[in-house]
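# Examining the three-dimensional arrangement
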Amino acid sequence: MNSKTLFALSFALILSGCAGMRATEEDLAAHYAEQAQRAQAAGNRQTMAVQVDQAIQRRSGAALIKAFFAADPAARAAYVKELQSRIDRQVSTAGTADAVMGRINAAAIAGIISTAEHTALVERLMRTVEEGNLSGLVRIDLSDNISQFPGLKSAEQQRMIADNTIQTLQDAGSKHRPVGPLIDYAARAGRGSAEWARIETLLPTMNIKRSELPLVARQYPAFADARRAAIHAPVRLQVKNADRLFAEDLKAEIKGALPGVDLAAPTSAKTIDLIVEKLRHDERQSPERMETVTYRQSDVDIVNSVLFMPQNASYSFDVLSGGNEIEYGYAITAYQGGRVLADELVRGKIDNGFARCQNARIQNVFGGVTRAEFTANADMQRRCSGPQAAPIDDLRKIVLERIVDGIRRIEPIKAANDLGS
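Residues numbered from 1 in each chain as written. Predicted model: local features only at pLDDT ≥ 70, side-chain atom pairs only at ≥ 80, totals over all residues. Heavy atoms only, no water.

### Quick notes on the overall build of the protein
From N to C terminus, the protein includes 17 helices and 6 strands. Since a compact globule built from 421 residues should have a radius of gyration of about 22 Å, the 36 Å found for the protein marks it as more spread out than a globular shape. Reported as C-alpha extents along the three principal axes, the dimensions of the protein are approximately 90 × 85 × 25 Å. Counting every position in the protein, which comprises 421 residues, the buried fraction comes to 40%. Counted over contacts in the protein with a minimum sequence separation of 6, partners at least 24 positions apart contribute 70%. In the form shown here, the protein has an accessible surface area of approximately 22,500 Å², with 52% of it arising from carbon and sulfur atoms. Charge separation in the protein, taken as the distance between the mean sites of 52 positive and 50 negative side-chain charges, equals 2 Å. (Helix = DSSP H or I, 4+ residues; strand = E, 2+ residues; numbered from the N terminus. Rg over C-alpha atoms; globule rule 2.2 N^0.38 Å. Buried < 20%, exposed > 50% of the residue type's maximum accessible area, 1.4 Å probe, protein only. Contact = heavy atoms within 4.5 Å. Areas by Shrake-Rupley, 256 points an atom, 1.4 Å probe, with all protein chains shown as cover. Lys, Arg positive; Asp, Glu negative; His and termini not counted. Charge placed at Lys NZ, Arg CZ, Asp CG, Glu CD.)

In structure tokens:
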């Protein structure tokens, strides 16, 4: 019996030993090793390498793959060639470089590649990453973990990584915001260095957000102060014909929804005088009323009728309904340096009618009543699936939100919030 036959038998014995039982680590290792052998026989190098990677992560997997490679030296050579190909084919970011390094190191730890092969592969990967960073083929920024690639810590490599980071921040559509790592890089370069000064010059192009200003201020306080002024609109608020509670609630809503508005800023030529005047605010609460709905047995869905209702019984339930309503109208005017910025009327009606069903019951012809545990029909479903009751305070908050939406449209306020968000 040759070595290939013995190898195949070892797979079969391992896989059959726990037939019908939960797969163990050894079972999985044997499964992946067998799949690797089949992929190699089919000439599919990439699939073979993936199965090998899976096998060596499990107990006994390394031994099975060593046996496989001993029985088929061409497979071992193909696996090493695939590791080389992964370096050339897959490495485009710091994350993919890390992943390929992990596979190379795992193969070395499992003993399925030699020390010399491991060294050659690592050197190839290092060279690919370093050359790729400088050419732009491998995208790395300052937020990436490059601890496995010490060559990237040179001044030349770091400058390119900083450039990538700056380009990311200049992209207004990017959700990745590595501001902190860039400021740390500037700190390492040192105040007065060419890199520190270069970043200072480019900061206005980086779409710095309001939440990022504390990070920037660590190295560039003057820019942070200027940016803060650009993305904040000083506003002096006046509320007319409304009580103090409304005024305080409006202030709180503005602060929460419009972080670019500064209600406490000292008066200056840029101050916006904002006037919110109540013209109408009528609140009405409909009293709750109860209505009883009754269906004949023939009106009830046939399956439930047959299963749960005595002959000629009826189905009843109570509908509790009511609601709150606010009809409102507010004038919003804004001035800056005597110039009218806005004059808008925010008006409308919010109606929160509700219906709630309860006490569903079945009444037989003799007067007995039992609890109904099912929905009678589509009409009941429609009656009972409407909106639920909402407190009047919820409607008042909607009115505040609509007023703030009107304030948001005032151009200097809109600009301040758009710039800083």
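### What about the side chain of E212?
Inspection of the secondary structure puts E212 in the loop between α10 (194-202) and α11 (213-217). We classify E212 as buried; its relative accessible area is 8%. A polar contact is formed between the side chain of E212 and the backbone nitrogen of K209, at a distance of 2.9 Å. Residues in contact with E212, not counting those within four places in the same chain, are R177, V179 and N207. (Polar contact = N/O pair within 3.5 Å; in protein donor to acceptor, adjacent residues only side chain to side chain.)

### Let's talk about the packing of helix α2 (residues 25-41) against helix α3 (residues 45-55)
One way to put it is that α2 packs onto α3 with a least axis distance of 8 Å and a crossing angle of 165 degrees. Comparing their axes, α3 and α2 come out roughly antiparallel. Both α2 and α3 take part in a crossing whose hand is left-handed. Across the interface between the two elements, A29, Y32, A33, Q35, A36, A39 and Q40 of α2 pack against T47, M48, Q51, V52, Q54 and A55 of α3. Here the contact of α2 with α3 is composed, by residue class, of 8 nonpolar, 5 polar and no charged. (Axes fitted to C-alpha atoms, helices over the stretch in contact; angles between N-to-C directions. Parallel < 35°, antiparallel > 145°, perpendicular 65-115°, else oblique. Left-handed = near helix turned anticlockwise from the far one by under 90°. Nonpolar A, V, L, I, M, F, W, Y, C, P; charged D, E, K, R; others polar.)

### Digging into the nonpolar core
Across soluble globular proteins, nonpolar side chains have a tendency to be buried as a group. The biggest cluster of nonpolar side chains holds 62 residues, and the ones touching the most others in it are V52, I65, Y79, I112, L125, I199 and Y220. Ranked by residues supplied to this core, first place goes to helix α6 (residues 94-110) with 7 residues. Among residues more than four places away in sequence, those in contact with Y79 are M48, A49, V52, D53, F69, R103, A107, I112 and I113. Ranked by size, the runner-up nonpolar core spans 28 residues in total, among them V276, Y328, V399 and A416. (Core = buried A, V, L, I, M, F, W, Y, C linked by side-chain atoms within 4.5 Å.)

### As for the state of the cysteines
By the definition in use, this model includes 1 disulfide. Here C357 pairs with C384 through a disulfide, and the sulfurs are 1.9 Å apart. When the S-S torsion is -90 degrees, as for the bridge of C357 with C384, the disulfide is left-handed. In this pair, C357 sits in strand β5 (residues 339-363) while C384 sits in helix α15 (residues 378-384), placing the two residues 27 residues apart along the sequence. Exposure remark for C384: the relative accessible area of 25% places this residue in the partly exposed category. (Disulfide = S-S within 2.5 Å.)

### What to know about the pairing of β5
Every other side chain in a regular strand lies on the same face of the sheet, so the side chains alternate between the two faces. In terms of strand pairing, strand β4 (residues 314-336) meets β5 through 22 bridges, oriented antiparallel. Bridged to S316 within β5 is R361. Between β4 and β5, which pair antiparallel in sequence order, lie 2 residues; one of them, G337, sits at a positive phi of approximately 60 degrees. The sheet contact formed by β5 and strand β6 (residues 369-371) spans 3 bridges and is antiparallel. Across the sheet, the residue bridging to I362 is T370, located in β6. Once β5 ends, the chain turns through 5 residues before running back antiparallel as β6, passing G367 with a positive phi of about 100 degrees. (Pairing = 2+ DSSP bridges.)

### Topic: the pattern of salt bridges
Going through the model one piece at a time under the given rule, you end up with 32 salt bridges. When the shortest N-O distance is used, the salt bridge between E82 and R86 registers 4.0 Å. With a gap of 4 residues between them, E82 and R86 both fall in helix α5 (residues 73-90), about one helical turn apart. For the pair shown, E82 and R86 are each scored as buried. By sharing partners, the salt bridges in this structure join R45, D53, E82, R86, R89 and R103 into a single network. (Salt bridge = Lys/Arg side-chain N within 4 Å of Asp/Glu carboxyl O.)

### Here's the deal with the packing of helix α9 (residues 179-189) against α10
With their axes 7 Å apart at the nearest point, α9 and α10 run at an angle of 145 degrees to one another. Regarding α9 and α10, the two cross each other, and that crossing is left-handed. Every residue of α10 that contacts α9 at L182, Y185, A186 and A189 is listed here: E195, W196 and I199. Among the residues forming the contact of α9 with α10, the class breakdown is 6 nonpolar, no polar and 1 charged.

### Here's the deal with a nonpolar patch on the surface
There is a patch of nonpolar side chains on the surface, built from I302, V303, V306, L307 and F308 and spanning about 560 Å² of accessible area. If you trace the backbone, V306 turns up in helix α14 (residues 302-308). (Patch = residues over 30% accessible without salt bridge, like charges linked within 9 Å, V, L, I, M, F, W, Y side chains within 5 Å.)

### What about the environment of N359?
Take N359: it is sitting in strand β5. Owing to a relative accessible area of 44%, N359 belongs among the partly exposed residues under this scheme. Residues N359 and Q84 lie 275 residues apart in sequence; the distance between their C-alpha atoms is 73 Å. With sequence-adjacent residues up to four places away left out, N359 is seen in contact with S316, F317 and D318.

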